[in-house]
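Geometric and topological summary
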Amino acid sequence: MSKVVVLNGDVVNYDGHIDWSTIGSDVVVYPTTAEAEILPRVADATVVVTKEMPLSGAVVRQFPASVKLVVEAGTGYNNHDLDALREKGIALTNIPEYSTQRVAHTAIMLMLNLASSMQQQLTMLAHHDYTNFTQHLQVDHVELNDKTLGVIGFGHIGQNVIKIAQALDMTILVNTRTPRADRKGIHFTTLNDLLAKSDFVSLNLPLTPATQHLINAETLALMKPSSFLINTARGGLVDEPALINALQNHTIAGAGLDVQAHEPLDPASPLFTLPNVIVTPHMGWRGLETRQRLVQMIGANIEAFLAGTPINQVD
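Residues numbered from 1 in each chain as written. Predicted model: local features only at pLDDT ≥ 70, side-chain atom pairs only at ≥ 80, totals over all residues. Heavy atoms only, no water.

1. Some remarks on a nonpolar patch on the surface
Put simply, the test is: Patch definition: residues with relative accessible area over 30% and no salt bridge; like charges joined within 9 Å; nonpolar side chains (Val, Leu, Ile, Met, Phe, Trp, Tyr) joined within 5 Å. Residue burial considers only the protein chains on display, and all accessible areas are found by Shrake-Rupley using a 1.4 Å probe. A pair is scored as a salt bridge if a Lys or Arg side-chain nitrogen falls within 4 Å of a carboxyl oxygen belonging to Asp or Glu. Counting from the N terminus, the helices are DSSP H or I runs at least four residues long and the strands are E runs at least two residues long.
There is a patch of nonpolar side chains on the surface, built from Leu-122, Leu-125, Tyr-130 and Phe-133 and spanning about 430 Å² of accessible area. Mapping Tyr-130 onto the fold places it in the loop between α5 (118–126) and α6 (131–134).

In structure tokens form, the structure reads like this:
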């Protein structure tokens, strides 16, 4: 019998609609776990499941010999100390593609809302300002068709964003670390060229030491004053103080941010009150069907590993 311990199950099952018991025959689920509680809770576990929860090297190096697998219940695994896991001989798997379409839809949703100044319209209604109805439209309202979308990263989510954007008749530029030849309707180019020419810039790449603060004061200065930044990937891709400065000084027109550098976002952050910003609470992966799919895939990872044929293993 292989015991599975889920250390922060409420991140996925915050509404009580997710059945964690489907991932194994012996499953213990903790709603949340403080760092001091980790070692006692994994004492006799074979598999440890976490969702975007930091597992430091100091803690991992004290894991009992019984732990053979850690499952990151998501795509990004920058919260795990890979060196410590290797030293302990503990495998790490992640869950790619479980939220591909939903995250892509979130990116497009943010673009459509920014193009319509929806945040400003809703704020006006909240203050009982009905002049958009009684007079002419008081806010900017532009089309997405014929606008240029720059997609940084060409993984599954980036490609899904492009697919929808092409249906909206947008022009597509892509920057990726792997050189590629142009294909129908997609031009691959340099980062600087993409930033200079795009009306919307969508970040769809993992957070690594090489991509940390890819968007900073220098790269923001390359963007058009009429352009918008969309981030549905990882908050650390963006130098947040530099972005706030660029938004306040109208270096760029606005931003749609489903992820932030520190989550949850500090209530005092200017991002909550800037009129040209839409912030959402990392909701891209949180659709009900998305979370149900996530748990099914976690179960598949565990089953394959225990059968000696691991899938989705991180090198």
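2. Here we look at the sheet that holds strand β11 (residues 254–257)
Going by this rule: Should DSSP find at least two bridges between two strands, the strands are taken to pair. A fitted line through C-alpha atoms serves as each axis, taken over the contacting stretch for helices, and the angle formed by two N-to-C directions is quoted from 0 to 180°. When checking whether two residues touch, look at their non-hydrogen atoms; a contact exists if any pair is within 4.5 Å.
Strand order in the open sheet formed by 7 strands is β8-β7-β6-β9-β10-β11-β12, and the pairing between neighbours is parallel. If you trace the sheet from one side to the other, it starts and ends with β8 (186–188) and β12 (277–279), each paired once. Taking each pair of neighbouring strands and ignoring which way they run, the sheet shows an average axis angle of 15 degrees. Where strand β6 (residues 148–152) and strand β9 (residues 200–203) come together, 4 bridges link them in parallel fashion. The partner of Val-151 across the bridge, within β9, is Ser-202. Sitting on the sheet, helix α7 (residues 156–167) touches β6, β7 (171–175), β8 and β9, and the angle it makes with β6 is about 170 degrees.

3. Quick look at the sheet that holds strand β1 (residues 4–6)
Judged by pairing direction, the sheet is parallel, and its 5 strands sit side by side in the order β2-β1-β3-β4-β5 without closing on themselves. Both outer strands of the open sheet, β2 (27–29) and β5 (91–93), are each paired with one neighbouring strand and no more. The sheet shows a mean angle of 20 degrees between the axes of neighbouring strands, direction not considered. Helix-sheet contacts for helix α11 (residues 288–306) involve β1, β3 (47–50), β4 (69–72) and β5, and the interaxial angle to β4 is about 160 degrees.

4. So, α7
Helical geometry: 3.6 residues make up each α-helical turn, so side chains three or four residues apart lie on a common side. The line we're drawing: To estimate the expected span of a helix, subtract one from its residue number and multiply by 1.5 Å. Throughout, exposure labels follow a simple rule: accessible area from a 1.4 Å probe, protein chains only, divided by the maximum for the residue type, with under 20% read as buried, over 50% as exposed, and the rest as partly exposed. In this context, the arc is that of the directions from the helix axis out to the C-beta atoms.
Across its 12 residues, α7 extends 17 Å between first and last C-alpha, which sits within 8% of the 16 Å expected from 1.5 Å per residue. Of the residues making up α7, those classed as buried are Gly-158, Val-161, Ile-162 and Ala-165. The arc that holds the buried residues of α7, viewed along the axis, is 100 degrees, so those residues lie on one side. Counted as exposed and oriented over 90 degrees from the buried face of α7: Lys-163 and Ala-167. Taken together, the buried residues of α7 touch α4 (100–115), β6, β7, β8 and β9.

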